[in-house]
Amino acid sequence: AAATDDRRDDYEYPNSDDDDAGDEYREERDELGEGLRDAAGAVDPNVFLPIAVAGLTASIDAHAAAAAAYAQNGQNDDGSGRAVDASVKSVEGWTFVLFATARLVGKDGPSAAVGDAIFTVERLVTRVPVSNRTTELAVWTVGGLCKALSAVTDAGVLRAALGAVVTGLNSDDPSVSRGACVAAMRTCESCARILALPVDQSSHSQSASDAVSAIARCYANGGPWAPPLATLRRGQEPMTTILCRGLARVAVAKSPGSDAEAACVELAGPAINAFRNASATLTASANECAAAPSHDALVRALQAVNALSRMAAECRVVAGALAEASAKSTGEEAPIPSHPDQHPDHPEHLVFGKPSVAAAALADALLPAADEALRALAASAPVFSAAGVGVVANHPAVDKRIHDASEALEAVAGLLADVVAAGRVAPALRSTQCTGAALRLALNAYASDPVRCHPLLDVVVAALASNSSALRLNPELSSELGAVARAAIDAALDAYERRPGFRHDDAAMASMFKLTQASVRAGCASLTDLAERVASLAHESLGAGSSGESALSSLTFAADVLSAAAMLNPSRHAPGDAGIRVGVGGMGKVDPGMGRLASNLARAAGGRGDLPGWASDAHEDAIRLADAFHVVLCERGAGVALVRAMLECANGLMPPGLVTDVSAALYAAWMAVGDGRMAEWLHGALGGDRDGFPRDSTTKEQKEDFIGLLLFLHADASGHGDLGPSRLGKTGEKHDLRRFKRCLKAFCGGKKSGSGQ
């Protein structure tokens, strides 16, 4: 898996550690690089490459000659000195030309020219160093040529490329070493299969293996020399993380799978140790700051939490590699059912014939380190709260480049979510020691502080999303997941009822809604007795009249509650005319530009969102939960109340700009429950002549007409007031969100400020 797409800008340009304000020629260089790439693209990169290599080779030769003449004639020869200065500029210029255009060369690049380019770069880095600037550009060029490098069969070329990289890693200039890290990552990613081969099976000889070992030693020893982590810009990764990404690809590529697991476990060691050290440093810094508050102590605590966040992100890299290696190892073996008596300590580590060292590394090293991180963040929370350092990090002591405590918590939550999601691909990780332990860590931390720790609910959501039929083969883990989901919802509801600050924290509320949605979608039996409370919560969230992200989460939550019975048990609760049953897909026709909520709902309907898919008749738990929601929605009036609340939102309770999103939520519910049920709810929600909704003047006939038009129950309408065919149109597809939205907006007004206006 390529690791560069979403970080392209941070990886493609040199001098990324420089402060933009201190680099007066940055814009000019960027423009020149774009111009060179345009020229190379117009000519053909494969034709342009030999030209750039020839120019660089000639400039290096000229520099070597000028330097020799200068050494022979002595420092008093002004002419020789000027010749050296000119040659340095020439080498820098031609190196920049090669750097700027190298990444345009693909696997079909001319192997001879690619080899010449690599040999020239290696010469420049290791034998004829001109300046730190040229060395930096040269190692970046290796990274740019990585695609072409993966297709070269000459063992000497790869050896030279890795030699340049290793030399760059040993530089005392952080710009050079950072470029070397990126080049190492890209080379390892592109040539992982070759570099993973044992020496006796590879034509690339011992040298390539030695170079990879040198890169691994550099990583294990803490990476190249680098400025403090606090100096990294937003979006930049530490050099160790960059190296870790590349080495992870080589480790996963090893065969057999047991070798891949062992290599990934070895790679995980330094990352986990750094993670634990960051937690210990944060705890010590927080204790120091609590005992003797000062500006300097607070800065140290903030730097420590930044380091913890960075190392948690690095551990996510190794967690992903461990999962891939474990899946690879499992796939190579025939399943052998394990018996608890054979393995009393960790019976589920023995899944497919032999113990999974990847599962053991996660359970025995990574998850305990995550526990330490959560404890350190909990210990530091009072310090940051007392100092006034909030989520937006607007305290004078906070450098805007560093990660604050909330971001560190999100990073740890992401790590735990990765662990539970890994069970999808790696059966050995689908255990109480891995998935179960991660869930318990998340639950305990969340229950201790539901406002601060709301990101940890994403761990439970990830587990529910991974709760496939394979997980149900493990009744113990499935039961534990249901219990954890229920306990987390109980903790959230308790905070909602008892902690006033919880209701005013949009992110905490959104996390509660998301977890509840995920639990409902997964058909958790533990929610059966909560169906009425869940519906009431959805109604209260709509009645708050929120805006922005909070409004979107409320609307999505309400749409799922309205759809729950039909989606969990469509054979019993979804009629034949429901959109989900008539072959138009989960959301029917959703045109571009219909808002983010519509897009998210369409993605979720297609199984591409981060919420689990609907259980849909899959098991008895889902059927029982569906029946419970049917009673609440259809017999106890919750369906009518929620539809009325959505109409109120469209009529001005929410900002006018959200009418499209309100339409999408109501439309999604209609697609699930069908015409009859939605018409019944609409009739109840709209009331009669004296209801005063959406305006005092709205008649019962207009309301009936609106229902017919909204649900496309008839193509023609007699037309009353603003609801005539001239406004809504007579034609169009029934299950078309754009048509549905226009009808709702025309009836509710969109820009009106509430019912009765």
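All chains use their own residue numbering, which begins from 1 and follows the written sequence. In keeping with the model being predicted, local features are shown solely for residues with a pLDDT of at least 70 and side-chain atom pairs are shown and tallied solely at 80 or more, while totals for entire chains, interfaces and linings include all residues. Working from all heavy atoms in the structure, the side-chain values ignore hydrogens and water.

Let's talk about the environment of S150
With respect to the helices and strands, the residue S150 is situated in the loop between α7 (146-149) and α8 (155-169). Sequence separation of S150 and E189 is 39 residues, and the distance between their C-alpha atoms is 9.2 Å. The contacts of S150, once residues within four sequence positions are left out, are K107, S190, C191 and I194. Side-chain polar atoms of S150 contact the backbone oxygen of K147, separated by 2.6 Å. In this text, helices come from DSSP runs of H or I with a minimum length of four residues, and strands from runs of E with a minimum of two, each type numbered from the N-terminal end. A contact between two residues is defined here by any heavy atoms of the two lying within 4.5 Å. Throughout this description, a polar contact denotes any pair of N or O atoms lying within 3.5 Å of each other; where both atoms belong to protein, one of them has to be capable of donating a hydrogen while the other can accept it, and for residues adjacent in sequence the pair is counted only when both atoms sit in side chains.

Concerning the pattern of salt bridges
A carboxyl oxygen of Asp or Glu within 4 Å of a side-chain nitrogen of Lys or Arg is what we treat as a salt bridge. Enumeration according to the criterion identifies 28 salt bridges in this entry. In this structure, R276 and E372 form a salt bridge, with 2.4 Å as the shortest nitrogen-oxygen distance. Note that R276 is positioned in helix α13 (residues 257-291) and E372 in helix α15 (residues 357-387), a separation of 96 residues in sequence. A residue is classified by how much of its surface remains accessible, and E372, at 26% relative accessible area, is partly exposed. Between D371 and R375 there is a salt bridge, and its shortest N-O distance comes to 3.3 Å. Taken together, the residues span about one helical turn, with D371 and R375 both in helix α15 at a distance of four residues. Among the residues examined, D371 registers a relative accessible area of 22% and is labelled partly exposed. Whether a residue is buried, partly exposed or exposed follows from its accessible area with a 1.4 Å probe, protein chains only, as a fraction of its type maximum: under 20%, in between, or over 50%, in that order.

A word on the confidence of the model for the chain
Values of pLDDT, which run from 0 to 100, indicate the predictor's confidence residue by residue. Taken over all residues, the pLDDT of the chain has a mean of 84, while the share at 70 or more is 83%. Considering only residues more than four positions removed or in separate chains, one finds that residues 15-22, a stretch of pLDDT under 50, has 20 contacts. Low pLDDT (under 50) marks residues 336-352, which in the prediction has 33 contacts with non-local residues, meaning those over four places away or in another chain.

Overview of the packing of helix α5 (residues 111-126) against helix α6 (residues 132-144)
For every element, the axis is a line fit to its C-alpha atoms; helices are fit only across the contacting stretch, and the angle between N-to-C directions ranges from 0 to 180 degrees. It is at 9 Å that the axes of α5 and α6 come closest, and there the two elements cross at 145°. Remark: the crossing between α5 and α6 carries left-handed chirality. Along its contact with α5, which presents V121, L124 and V125, the element α6 presents T134, T135, A138, V139, T141 and V142. By definition, any crossing whose near helix is turned counterclockwise from its far helix by less than a right angle is left-handed, and any crossing with a clockwise turn is right-handed.

Concerning the environment of T699
Relative to the helices and strands, T699 resides in the loop between α28 (659-686) and α29 (700-710). When the C-alpha atoms of T699 and D689 are compared, they prove to be 5.0 Å apart, with 10 residues separating the residues in sequence.

Some points on α6
The first and last C-alpha atoms of α6 sit 18 Å apart over 13 residues, in line with the 18 Å expected at 1.5 Å per residue. Listing the buried residues of α6 in full gives R133, T134, T135, E136, L137, A138, V139, W140, T141, V142, G143 and G144. Every helix has an expected span of 1.5 Å times one less than the residues it contains.

A look at the packing of aromatic side chains
The aromatic pairing rule takes the rings of Phe, Tyr and Trp, using the six-membered ring of Trp, and pairs them if the centres are within 6.5 Å, calling planes under 30 degrees apart stacked, those over 60 edge-to-face and the rest tilted. What the rule picks out here adds up to six aromatic pairs. Pairing F96 with F99 gives two aromatic rings, centres 5.8 Å apart and planes at 50°, and the pair type is tilted. Within this pair, F96 and its partner F99 are both found in helix α4 (residues 78-102), separated by three residues, close to a single helical turn. Residue class for F96 comes out buried when judged on its relative accessible area of 8%. Geometrically, the ring pair formed by Y667 and W670 is edge-to-face, given 5.8 Å between the ring centres and 70° between the ring planes. Here W670 and Y667 lie together in helix α28, a separation of three residues that amounts to about one turn. Comparing Y667 with W670, the two get one shared label, buried. Taken together through their ring pairs, the aromatic side chains of Y667, W670 and F740 make up a single cluster. Remark: a charge is flagged as sitting over a ring if the NZ atom of Lys or the CZ atom of Arg is within 6 Å of the ring centre and within 35 degrees of the ring normal. The aromatic ring of Y496 is capped on one face by R503, whose charged end is 3.8 Å from the ring centroid. Cation over ring: R644 sits above F693, and NZ or CZ is 4.4 Å from the ring centre.

Concerning a nonpolar patch on the surface
Two joining distances apply to patches: 9 Å for like charges and 5 Å for nonpolar side chains (Val, Leu, Ile, Met, Phe, Trp, Tyr), and every residue must have over 30% relative accessible area and no salt bridge. What sets the accessible areas is the Shrake-Rupley method with a 1.4 Å probe; for residues, cover comes only from the shown protein chains. Taken together, the side chains of V43, V47 and I51 make up a nonpolar region of the molecular surface, amounting to roughly 250 Å² of accessible area. With respect to the helices, strands and loops of the structure, V47 is situated in helix α3 (residues 45-73).

Topic: a negative patch on the surface
Judged by side-chain charge, E27, E28, D30 and E31 come together as a negatively charged surface patch. With respect to the helices, strands and loops of the structure, D30 is situated in helix α2 (residues 26-43). As used throughout, the charge tally considers Lys and Arg to be positive and Asp and Glu to be negative, leaving His and the chain termini uncounted. Here the site of a charge means NZ on Lys, CZ on Arg, CG on Asp, or CD on Glu.

Let's talk about the nonpolar core
Grouped together as the largest cluster of nonpolar side chains are 249 residues, with contacts concentrated most on F275, L308, L416, L456, F629, L647 and M678. Contacts of F629, omitting those with residues within four sequence positions, involve V520, A531, V534, V561, A564 and A565. In this description, a nonpolar core means a group of buried Ala, Val, Leu, Ile, Met, Phe, Trp, Tyr and Cys residues linked to one another through side-chain atoms lying within 4.5 Å.

Considering the packing of helix α19 (residues 475-498) against helix α22 (residues 531-543)
Axis separation between α19 and α22 bottoms out at 13 Å; the angle between their running directions is 45°. By the criterion of interaxial angle, the relationship of α19 to α22 is oblique. Here the hand of the crossing between α19 and α22 comes out left-handed. In contact with L493, Y496 and E497 of α19, α22 contributes R533, L537 and E540. Here is the rule for angles: anything less than 35 degrees is roughly parallel, anything more than 145 is roughly antiparallel, 65 through 115 is roughly perpendicular, and the remaining ranges are oblique.

Overview of the state of the cysteines
Count a disulfide wherever a pair of cysteine sulfur atoms falls within 2.5 Å. A full pass over the atoms with the stated rule returns zero disulfides. You can see C315 has no disulfide; the closest cysteine sulfur is in C244, sitting 8.2 Å from it. The class of C315 is buried, set by a relative accessible area of 0%.

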